[in-house]
Amino acid sequence: MEGQLGQNIISIEDLWNGKRFLGELVVNRSLKIVAANQTACDLLEYTEEELDEKPLAELCTKALDTKTLLDNLFTKGVTDRSERAEAEWITAKGKKLSLLLEFTLVTNGNYLLVSFLDHTDCLKKDEQIDFLGSVIDTIRNIQIASAKEMTQKKMLQHFCSYLHRRRKYRAVWIVIISPEGKVSDFAESGLGLFPMEEITRDGSYSNCIQQAVANKKVFVTNDPIVYCNNCTLASIFGNTSCMTARLELLDRFYGVINVHLSPTQISQSEQDLIQSVSKDISLVLHSYEVEETRKEAEKEKEKARKMKSDFIALASHQLRTPLTTLREGISILLDELAGELNEEQRDFILALKRNSDRIDNVVSSILTLQKIETGMYAFNMQKISLEELF
């Protein structure tokens, strides 16, 4: 059934492309059904022809509430805006269905897409949204703690404990791998007394780490005993499944995160969740790396400043010592303590004095600048009149 929506606006197949609902209807501004997909027909036990132009109020027992919601959406006229509501529907065979509905304006607000949602799926998604919100709060707290000098190891341990507790995973562990390919750090929660070094003993990685390093997607192992026989953890968590994801940001590979969970917990949404968490952890690791780079730059800057200060002090001392002797000698000659001077000799010695005074002023200026840069120079700030200076 194409209906007027299919004839005038858009094909039903295009509209429903990629949708994952229990069923969907399209209604016009008169709140009459103009299109329905096969899953909606099967759910309501009607044929496409029977649903065509059928008023929504005949199917929905809470028609008044639904009509008010639809009228509000049509009045607002915002395309792609969605609202949700629960309503009781009656099938062609008289069966009552309590369904969660999602209403979305489509095609420039001229029609409304009514989607029947799975309660279980919605609850699971809401739970994941709440969990991701908690993760965001945790990241914010970790970044604050990072500013208070929380070590990277403590941060990783915090993440492992948080995931272990909140998602009820059997175990969680994180391995950080350096650009040279060596394990530089690790953290875990739920492994008990198991030594993390066993996972990367002899410089070789377990199968799950190898797969995560080689692939962008989350690597799922449903039978660790068979697939991960080279890993000691397989004998401990052989009755579980595990997911391993890369820790990566801006093409910088940091390591992997692995979670052990029951086979019933494995789902695409759970894989998407661990993928999101891995990106969040990578972001925090990137922050630590940037901070470490900044600290190293500060150290180099301080080292260069000290070298400059030492050089200036040494150079000034090396200049001041012979300059003082030279100035004393010039003073003795000008005072004629070494003998009487003729006019030509006095002119030469006065020229020496002027140049020695100039060098002394330059050295004094350099030393003053050094004191200002190092904060050792004391300023005496006073208000003065510019007229006194000129």
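Note that the structure is a prediction, hence the values are computed from the model and not measured.

Here's the deal with the overall build of the protein chain
Okay, step 1: If you tally the helices and strands in the protein chain, you get 12 helices and 10 strands.
Okay, step 2: If you take every contact in the protein chain between residues at least 6 apart in sequence, the share linking residues at least 24 apart comes to 55%.
Okay, step 3: Entry remark: accessible area of the protein chain is about 23300 Å², with carbon and sulfur atoms responsible for 53%.

A look at the pairing of strand β9 (residues 241-249)
Okay, step 1: Taken across its nine residues, β9 has seven buried, putting it largely inside the fold.
Okay, step 2: In terms of strand pairing, strand β8 (residues 219-221) meets β9 through three bridges, oriented antiparallel. For F219, the partnering residue across the bridge sits in β9 and is T244.
Okay, step 3: As paired elements, β9 and strand β10 (residues 252-261) share nine bridges and run antiparallel to each other. Counterpart to A245 in the pairing with β10 is I257.

As for the pattern of salt bridges
Okay, step 1: Applying the stated criterion across every chain, the model contains 12 salt bridges.
Okay, step 2: A salt bridge links K95 to E45, with the shortest nitrogen-to-oxygen separation between them at 3.7 Å. Of the two residues, K95 sits in the loop between β3 (82-90) and β4 (96-106) while E45 sits in the loop between α3 (38-44) and α4 (48-51), which places them 50 residues apart along the sequence.
Okay, step 3: Between R246 and E248 there is a salt bridge; the shortest N-O distance is 2.8 Å.
Okay, step 4: In this structure R246 comes out as buried when scored by relative accessible area, which is 10%.
Okay, step 5: Here the salt bridges do not stand alone but share partners, grouping K216, R246 and E248 into one network.

Overview of a nonpolar patch on the surface
Okay, step 1: The grouping of L369, I372, Y377, F379 and M381 at the surface amounts to a nonpolar patch, some 550 Å² of accessible area in total.
Okay, step 2: By the element assignment, F379 lies in the segment after α12 (343-373).
Okay, step 3: By relative accessible area, F379 is classed as exposed at 55%.

Quick look at the side chain of S356
Okay, step 1: Residue position: S356 is located in helix α12.
Okay, step 2: By relative accessible area, S356 is classed as buried at 2%.
Okay, step 3: Setting aside anything within four residues of it in sequence, one finds S356 in contact with L323, L326, R327 and I330.

Cut-off values and rules
- Residues numbered from 1 in each chain as written.
- Predicted model: local features only at pLDDT ≥ 70, side-chain atom pairs only at ≥ 80, totals over all residues.
- Heavy atoms only, no water.
- Helix = DSSP H or I, 4+ residues; strand = E, 2+ residues; numbered from the N terminus.
- Contact = heavy atoms within 4.5 Å.
- Areas by Shrake-Rupley, 256 points an atom, 1.4 Å probe, with all protein chains shown as cover.
- Buried < 20%, exposed > 50% of the residue type's maximum accessible area, 1.4 Å probe, protein only.
- Pairing = 2+ DSSP bridges.
- Salt bridge = Lys/Arg side-chain N within 4 Å of Asp/Glu carboxyl O.
- Patch = residues over 30% accessible without salt bridge, like charges linked within 9 Å, V, L, I, M, F, W, Y side chains within 5 Å.

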